[in-house]
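Geometric and topological summary
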Amino acid sequence: MTCSGPVHKTHGTILLLIWKQEMMQRVFVAILTFSLGTAGAAPKYLCTYYDIVDYLNISSHDKLHTYILPKKGLKEPVEVTMDFFLVAILSVVEKLQTVSFYFVLNMEWQNPFATWNPRDFCNISEIVLPMDTYWSPPIFFLERVNGQNPELNYVVLMHNGSFNSTRPYQVTLTCSLIILKFPFDTQMCNLSIASFLYPAVTDFVMKTRRTPAEIMKDSKSLILTDGEWKFTNLSIMEFTAVMDDKGFSVVTYVISMERRPTLYILNLILPTCALYLLDMAVLFGPSSLEEKINFQIAIILGSSMLAVILNNSLPTSSNKPPIIVVFFLGTFLLMIMAVLDTFFLLYQQRKSLRLDKVLRSFQQDPQELPKRPTGTLAQGSPQLLHPPKKAQGQGQPTKRLWQLQELDPFLPVLEKVLLFSHLFLSLFFFTVISIKWSS
């Protein structure tokens, strides 16, 4: 009995020490958990987007987060990488010098103040937020004259603070259209993206993500329109625009497009050529000169209607006339020259007929001539021409001194000279026009 007392006391002391140690461990775990919770770490694994929004404190922060540039250092600017996809060439208005495009613009940038650990939120690594939740690049298009603002005002936020914005745009841009070779022309229009709020050296820089060849490949696979214009080439220019002794980042996409001329060939060029060939056929035809003039004037009126259609398509502010205008004007002048040639030939024919009539009046037989009184003619009166004498012998026709055959060879030669000179001039004109269009 005397020995069992100390042993029982020792055993109780050991149990007490073990209990105290367990209590201290629990208190330590509770203090550690509380400290981690107050530091901003998730106390447990959460699996909702609301928890990420609550963790980033988005619901309670003010609008200054949308206006302040997200950068920590003073020397490193915020870099925005862009990607461009051309979807459609909607319209080209030559008279207004405008082009309408539909394209998709993708932008990426970093915000070091919007990050979280995906392991604390069931591996949720991204979340979709409204565009005005955080700062976004304030960009605009330099050549824009009209357009619709994009309705997709959302941005994808990654856990590492990377923002990704993909927005469609439909804009009308001013473009200097060179229509010298219309309708076989190729146009180049600029789409410049700039931001003049932040200097490019210290605050804001825009760069492209991919090469022009890669953008062209994807754009041609996405292109939706198959109309008058065909997307042919794309080039990119990155430069710094200087304003008020400050440099600002600008990215310019140069879009090259080629006109499909089939419609204009069928509606304007071929009908004009057909009318001109008809005019040449009338000019070389066997009809009388009066009928030729009527046909040629009708053809000129039809060509004038085609010129009115062309005038509605071409701009009025062009300094140098397009080749197609020279083509229409040249064919019109050639048709006028054909009418003038016909009039000249008709004049020569009438003149020859009048002369022939006069000559025939002097070639009448003596029995048919009116009798005049004999005697001396009055002084100053014209002398009568003696009619030709009949040939001696019976059965021989009368030989006349003036014959119309002496004047007839002049008219065919003149007509051939005028016709063939007109033909060679026409061939030369159409050859020059073809060379200018093809060069």
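Above: the structure in question.
Numbers given for residues are sequential positions, taken from 1 along each chain in its written order. With the structure being a predicted model, the display of local features is reserved for residues of pLDDT at least 70 and the display and counting of side-chain atom pairs for 80 or more, all residues being used for whole-chain, interface and lining totals. No hydrogens and no water enter the side-chain calculation; it runs on all heavy atoms of the structure.

Our focus in this paragraph is the overall build of the protein. Counting from the N terminus, the helices are the DSSP runs of H or I reaching at least four residues and the strands are the DSSP runs of E reaching at least two. Within the protein one finds eight helices and 11 strands. Contacts spanning at least 24 positions in sequence make up 77% of the contacts within the protein whose residues lie at least 6 apart. Within the structure as shown, the protein displays about 27800 Å² of accessible surface, and the carbon and sulfur contribution to it stands at 63%. We call two residues in contact when some of their heavy atoms are within 4.5 Å. To measure how exposed things are, a 1.4 Å probe is used in the Shrake-Rupley method; for residues, cover is taken only from the protein chains shown.

A word on unusual backbone geometry. Going from Phe 182 to Pro 183, the amide bond is cis rather than trans, its omega being 5°. Within the element layout of this structure, Pro 183 appears in the loop between strand 7 (162-174) and strand 8 (186-194). Even without being glycine, Cys 122 reaches a positive phi, approximately 55°. Within the element layout of this structure, Cys 122 appears in the loop between strand 2 (98-110) and strand 3 (126-130). To sort residues, take the accessible area from a 1.4 Å probe on protein chains only and compare it with the maximum for the residue type: under 20% means buried, over 50% means exposed, and anything in between is partly exposed. Relative accessible area serves as the criterion here: at 33%, Cys 122 is assigned to the partly exposed category.

So, on to the state of the cysteines. When two cysteine sulfur atoms are found within 2.5 Å, that pair is recorded as a disulfide. The full count for this structure, using the stated rule, is one disulfide. With a sulfur-sulfur separation of 2.1 Å, Cys 175 is cross-linked through a disulfide to Cys 189. A torsion of -90° about the S-S bond marks the disulfide between Cys 175 and Cys 189 as left-handed. Highlighted residues: Cys 175 in the loop between strand 7 and strand 8 and Cys 189 in strand 8, separated in sequence by 14 residues. Accessibility assignment for this pair places Cys 175 and Cys 189 in one class, buried.

What follows covers the pairing of strand 2. In terms of burial, strand 2 is a largely internal element, 10 of the 13 residues being buried. Paired strands are those between which DSSP finds at least two bridges. Relative to strand 2, strand 1 (residues 78-93) is paired through 11 bridges, and the arrangement is antiparallel. When the sheet's bridge partners are listed, Ser 91 is paired in strand 2 with Ser 100. The loop that links strand 1 with its antiparallel partner strand 2 comprises four residues; one of these, Gln 97, has a positive phi angle of about 60°.

Next up on the list: the sheet that holds strand 4 (residues 140-141). In spatial order, the strands read 4-8-11-10; together these four strands make up an open sheet with antiparallel pairing. At either end of the open sheet lies a strand with only one pairing partner, and these are strand 4 and strand 10 (229-243). Bridge count between strand 10 and strand 11 (residues 246-259): 14 bridges; the pairing is antiparallel. In the sheet register, Lys 230 faces strand 11, and the bridge partner there is Glu 258. Angles here are taken between N-to-C directions and fall from 0 to 180 degrees, while the axes themselves are lines fitted to C-alpha atoms, restricted in helices to the stretch in contact. Packed onto the sheet, helix 4 (residues 212-222) meets strand 10 and strand 11 and runs at close to 135° relative to strand 10.

Let's shift gears to the nonpolar core. We call a set of buried Ala, Val, Leu, Ile, Met, Phe, Trp, Tyr and Cys residues a nonpolar core when their side-chain atoms join them within 4.5 Å. Among the nonpolar cores identified, the biggest contains 74 residues, and Met 82, Phe 84, Phe 101, Phe 103, Trp 109, Leu 157 and Tyr 253 are the most heavily contacted of them. Not counting the four nearest positions on each side in its chain, Phe 103 is found in contact with Phe 84, Phe 85, Leu 86, Val 87, Phe 141, Arg 167, Pro 168, Tyr 169, Val 171 and Leu 191. Listed in part, the six residues of the second largest apolar core include Ile 293, Leu 346, Leu 414 and Leu 418.

This brings us to helix 4. A turn of α-helix holds 3.6 residues, and therefore any two residues three or four places apart point the same way. Those residues of helix 4 that fall on the buried side of the exposure criterion are Ile 215, Met 216 and Ser 219. Angularly, the buried residues of helix 4 cover 100° about the axis, an arc narrow enough to put them on a single face. Summarising the geometry of helix 4, the exposed residues directed more than 90 degrees from the buried face are Ala 213, Lys 217 and Ser 221. Looking at the buried positions of helix 4, the neighbouring elements they touch are strand 1, strand 10 and strand 11. As used here, the arc is the angular range of directions from the helix axis to the C-beta atoms.

In this structure, Ile 293 sits in helix 6 (residues 289-311). Residues Ile 293 and Asp 341, 48 residues apart in the sequence, show an inter-C-alpha distance of 9.7 Å. Apart from the residues within four sequence positions on either side, Ile 293 is in contact with Thr 342, Phe 343 and Leu 346.

Turning our attention to the pattern of salt bridges. Counted as salt bridges are all cases of a side-chain nitrogen of Lys or Arg within 4 Å of a carboxyl oxygen of Asp or Glu. In this structure the tally under the stated criterion is 11 salt bridges. With its nearest N and O atoms 2.7 Å apart, the salt bridge here joins Arg 259 to Asp 185. Placement of Arg 259 in strand 11 and of Asp 185 in the loop between strand 7 and strand 8 is noted, with a sequence separation of 74 residues between them. Of the two residues, Arg 259 and Asp 185, neither departs from the other in class, the shared state being buried. Salt bridges linked by common partners bring Asp 83, Glu 108, Arg 209, Arg 210 and Asp 218 together as one network.

Moving on, we get to helix 6. Compared with an ideal rise of 1.5 Å per residue, which puts 23 residues at 33 Å, helix 6 spans 33 Å between its outermost C-alpha atoms and is within 8% of the ideal. When we look at burial in helix 6, the residues that qualify are Leu 289, Lys 292, Ile 293, Gln 296, Ile 299, Ile 300, Ser 303, Leu 306 and Leu 310. Here, expected helix span is obtained from the residue count minus one, scaled by 1.5 Å.

For Thr 98, the position within the fold is in strand 2. Judged by relative accessible area, Thr 98 falls into the buried class, the value being 14%.

So, on to the packing of aromatic side chains. Any pair of aromatic rings gets described here by the distance separating the centres and the angle formed by the planes. Two rings from Phe, Tyr or Trp (for Trp, the six-membered ring) form a pair when their centres are within 6.5 Å of each other. A pair whose planes differ by under 30 degrees is stacked, one over 60 is edge-to-face, and the rest are tilted. On inspection of all chains with the given rule, the structure shows 22 aromatic pairs. Note on Trp 109 and Trp 135: the rings are 6.2 Å apart at their centroids and 90° apart in plane angle, and the pair reads as edge-to-face. A residue pair is termed long-range when its members are at least 10 positions apart, and Trp 109 in strand 2 and Trp 135 in the loop between strand 3 and strand 4 qualify at 26 residues. Across this residue pair, the class does not change: Trp 109 and Trp 135 are buried.

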